[in-house]
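Here is what each chain is made of, one letter per residue.
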Amino acid sequence: MMKKLIASLATVGVIGIGGVFAMSQTSGEPKQEIETASVNETEETKEIPTARTVDTGPNMPWEHFATELIKEHQNKGETVYLWSDAKALEDSIIETIDFPIHEDSSTTREGLLVTKAKYLNLFINEVSQYVDKPDYFDKMQEVKTALNNVESDKAKNLISEAKQIRGSQ
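Small disclaimer: the values here were computed from a predicted structure and weren't measured.

## Let's talk about the environment of K116
- Mapped onto the secondary structure, K116 falls in helix α5 (residues 109–127).
- Accessibility expressed as a relative area gives 10% for K116, which makes it buried.
- When the C-alpha atoms of K116 and W62 are compared, they prove to be 8.2 Å apart, with 54 residues separating the residues in sequence.
- Look past the residues within four positions of K116 in its chain and what remains in contact with it is W62, S92, I93, T96 and L147.

Given below as structure tokens:
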């Protein structure tokens, strides 16, 4: 009789401990799901577009469209600029700064730089909403200001800094 009592108590103990263990495992899983769900709800991530919804042919947007047309496309929700355009745009800005202006040309340095600043602004406005690199976009805002102020050397230096930021993140 004593052996049966001890065996019964041992069985109850094992079942009780197992039940407590099972309950702690079960209650842990919903908690984990809730935490994951709340993290997903607070982090509103936007997918970074990898394809344009407008046709630029073999050209980059600033080579294909006037700034007004890019703005129209963007206002319609079209994807004109991509994050992958960043390096090419930086290089294009440097090329514009270094572009030789002939004396008899109606093109002015100021006109070229201000136009490039408009393209840069459209890039920043579109792409910064998808790409979480605020330091990069802040630096590119500085580039835009330097271009508008026809500060070529400053713009070049800022682009160099922006490239480092873009590459390091």
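After presenting the structure, the write-up continues.
## A word on the environment of G77
- Looking at the element boundaries, G77 is found in the loop between α3 (67–75) and α4 (86–98).
- Here the alpha-carbon distance between G77 and T53, two residues 24 residues apart in the chain, equals 9.1 Å.

## Quick word on the pattern of salt bridges
- Going through the model one piece at a time under the given rule, you end up with seven salt bridges.
- Of the charged contacts, one joins K139 and E161 as a salt bridge, the two residues approaching to 2.7 Å between their closest N and O atoms. One end of the pair, K139, is in helix α6 (residues 134–148); the other, E161, is in helix α7 (residues 152–168), and 22 residues separate them in sequence.
- Owing to a relative accessible area of 14%, K139 belongs among the buried residues under this scheme.
- The network of salt bridges with shared partners includes K87, D91 and K163.

Definitions and cut-offs
Residues numbered from 1 in each chain as written. Predicted model: local features only at pLDDT ≥ 70, side-chain atom pairs only at ≥ 80, totals over all residues. Heavy atoms only, no water. Helix = DSSP H or I, 4+ residues; strand = E, 2+ residues; numbered from the N terminus. Buried < 20%, exposed > 50% of the residue type's maximum accessible area, 1.4 Å probe, protein only. Contact = heavy atoms within 4.5 Å. Salt bridge = Lys/Arg side-chain N within 4 Å of Asp/Glu carboxyl O.

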